[in-house]
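# Topology and contacts: notes
Next come the chains, spelled out residue by residue.
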Amino acid sequence: MQPSSTSPTAGLRQDSGAGSPADAVVVGGGVIGLVTAWRAAQRGMSTTLVDPEPGGGAARVAAGMLAAVTELHYGEEALLGLNLESAARYPDFTAELEEASGQEIGYRACGTLAAALDADDRADLRELHALQQRCGLDSQWLTGRECRRLEPMLAPSVRGGLRVDGDHQVDPRRLVTALLLACERAGVTFRRSAAVRVTVTGDRATGVTLDDGTSVEAGQTVLALGSYASRLEGMPPELVPPVRPVKGQVLRLRMPPSAYGPFLSRTVRAVVRGGHIYLVPRANGELVIGATSEEMGWDTTVTAGGVYELLRDAHELVPGLTELPLTETCAGLRPASPDNAPLLGPTALPGLHLATGHYRNGVLLTPVTGDVMGELLATGELPEPAFPFIPGRFAQPSTQRPLPGSPAGSEPQEQSA
Ligand code: GLY
């Protein structure tokens, strides 16, 4: 089975390649590229987005959890701050995007329950709870019985859990469709080709060369290519972003309408045999189950083993789901950086910016990424929430040059993990 084949891009304004340089070219048409292009165009910039298939990418696979609190990890406090910032922006972002596009994006303030199936899981969850409390986050410990009262489809073996009422969800496919329409309405021009090379003229980036041999010239170039950001030619070697693909396989099932209440009313997740499993129920009856986490390079094959593991672990958590129709399997690539946090902002090559490396949080970080990249492109100033995430934090000291538009004192930051 494949992801939906319906193209979300029919009817978008296309550009043939002729014309004067754009103010900005955004390379990559996933959620991060789309939101960046939308925000730039809203600021009055002539903006071109380059992607052979805009609206594709990891968000077509992602479950859309907005899980700043339940996906907290030791050593990632800076990322937590950005995640919380973006989560807080989601309600206004949703209202603005739905207004701009005329499309609903499936934002659901439904909360999350992280459940423990055995004593080891319970100990791990207790540690997560303690970390959340130290970080001042809102979460509540529940007994197994309290978990089942909240979600009656949970297995009798659930021994306890964490109720996190602030971790919500959005439908990433609807988000993509809405962003495409918002870009179109804001005047973004689409080039349906693959970028192969960053163009450098003198000492600055001046756009990209495409696989058809033509170029897009622009005053500012943003690489929002996810894992592919590391494959573009023409980058000074020290500026190649250290972003690698981490494969995730995901299933989609269909929940029945029920007179006795929803199959699941909130996102339910657990760690089973060391692997993370989550079940994300949508208002439209879709149940998304994810995800494997595999270091397999560029491979996006859906495997029998991946599907088996997801169903086995999900079944342990919610036994009744094996009765549900399985409607889709798919796999995508998370763009992971060495510290699991994104690379946001200018590089040492004038005119070249990065918005990549969002790893597990691309959908969550869409609002704040759009805001900071839009501000950077329009004013030359990088907003404060992005300071810890400048691309230069991974540069060797000997190769570091002053960053245009970055905050004063933009020394290499210590990696947080
Ligand atoms: N944030 C969920 C995942 O990456 O699987």
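Cut-off values and rules
Residues numbered from 1 in each chain as written. Predicted model: local features only at pLDDT ≥ 70, side-chain atom pairs only at ≥ 80, totals over all residues. Heavy atoms only, no water. Helix = DSSP H or I, 4+ residues; strand = E, 2+ residues; numbered from the N terminus. Buried < 20%, exposed > 50% of the residue type's maximum accessible area, 1.4 Å probe, protein only. Areas by Shrake-Rupley, 256 points an atom, 1.4 Å probe, with all protein chains shown as cover. Near = heavy atom within 4 Å. Polar contact = N/O pair within 3.5 Å; in protein donor to acceptor, adjacent residues only side chain to side chain. Nonpolar A, V, L, I, M, F, W, Y, C, P; charged D, E, K, R; others polar. Salt bridge = Lys/Arg side-chain N within 4 Å of Asp/Glu carboxyl O. Contact = heavy atoms within 4.5 Å. Phe/Tyr/Trp six-rings, centres within 6.5 Å; stacked < 30°, edge-to-face > 60°. Patch = residues over 30% accessible without salt bridge, like charges linked within 9 Å, V, L, I, M, F, W, Y side chains within 5 Å. Lys, Arg positive; Asp, Glu negative; His and termini not counted. Charge placed at Lys NZ, Arg CZ, Asp CG, Glu CD. Axes fitted to C-alpha atoms, helices over the stretch in contact; angles between N-to-C directions. Parallel < 35°, antiparallel > 145°, perpendicular 65-115°, else oblique.

## Considering the overall build of the protein
A tally of regular secondary structure across the protein gives 7 helices and 18 strands. A total of 417 residues make up the protein; the buried ones form 54% of that total. Per element, the accessible surface of the protein, about 16,700 Å² overall, is 50% carbon and sulfur.

## A look at the site of the ligand
The environment of the ligand is formed by Met65, Glu71, Tyr278, Ala291, Arg334 and Arg360. Note that an oxygen atom of the ligand is positioned 2.7 Å from one of the side-chain N or O atoms of Arg334. Interatomic distance of 2.9 Å between a backbone N/O atom of Arg360 and a nitrogen atom of the ligand. Burial of the ligand by the protein chains amounts to 88% of its free accessible area of 200 Å². Its residues assigned to classes, the shell around the ligand comprises 3 nonpolar, no polar and 3 charged.

## Let's talk about the pattern of salt bridges
Opposite charge on two side chains makes pairing possible when the charged atoms of those side chains draw close. Applying the stated criterion to the full structure yields 18 salt bridges. One salt bridge in this structure joins Arg173 and Glu328, with 2.6 Å as the shortest N-O distance. Of this pair, Arg173 sits in helix α5 (residues 172-186) while Glu328 sits in strand β16 (residues 326-336), and the two are 155 residues apart along the sequence. The same class applies to Arg173 and to Glu328, which are both buried. Between Glu286 and Arg282 there is a salt bridge, with its nearest N and O atoms 3.1 Å apart.

## What to know about unusual backbone geometry
Note the cis peptide between Gly290 and Ala291, where omega equals -15°. Turning to its location among the elements, Ala291 is positioned in the loop between β15 (286-290) and α6 (304-317). A positive phi angle, close to 65°, is found at Asn340, a residue other than glycine. Structurally, the position occupied by Asn340 is in the loop between β16 and β17 (343-346). Residue Tyr359 is not a glycine yet carries a positive backbone phi of 50°. Tracing the chain through its elements places Tyr359 in the loop between β18 (352-356) and α7 (366-379).

## Thoughts on the environment of Gly144
Its location among the elements puts Gly144 in helix α4 (residues 144-150). Separated by 17 residues in sequence, Gly144 and Gly161 have C-alpha atoms that sit 6.8 Å apart. Ignoring any residue separated from it by four or fewer positions in sequence, one finds Gly144 in contact with Val158, Arg159 and Gly160.

## Quick word on the environment of Ala114
Examined against the element boundaries, Ala114 turns out to sit in strand β4 (residues 112-116). The exposure class assigned to Ala114 is buried, which follows from its relative accessible area of 5%. Counting along the chain gives 28 residues from Ala114 to Leu142, while the straight-line C-alpha distance between them is 9.8 Å.

## Describing the packing of aromatic side chains
One pair of aromatic rings is described through two measures. These are the centre distance and the angle between the planes. Evaluation of the coordinates by the stated rule reveals 4 aromatic pairs. Here Tyr90 and Tyr107 contribute two aromatic rings whose centre-to-centre distance is 5.8 Å and whose plane-to-plane angle is 0°, an arrangement assigned as stacked. Taken together, the residues span a long stretch of sequence, with Tyr90 in helix α2 (residues 77-101) and Tyr107 in the loop between α2 and β4 at a distance of 17 residues. On the accessibility criterion, Tyr90 (0% relative accessible area) is buried.

## Examining a negative patch on the surface
Together, Asp118, Asp120, Asp124 and Glu127 make up a region of like negative charge exposed at the surface. The residue Glu127 is located in helix α3 (residues 119-134) in this model. By relative accessible area, which is 44% here, Glu127 ends up partly exposed.

## Describing the packing of helix α1 (residues 31-42) against α2
If you want to describe how two helices pack, look at the angle between their axes and the distance between the axes. At their nearest, the axes of α1 and α2 sit 13 Å apart, and the two run at 75° to each other. Classed by the angle they form, the pair α1 and α2 counts as roughly perpendicular. Of the residues in α2, those in contact with Val35, Trp38, Arg39 and Gln42 of α1 are Phe93, Glu96, Leu97 and Ala100. Residues belonging to the contact of α1 with α2 are distributed by class as follows: 5 nonpolar, 1 polar and 2 charged.

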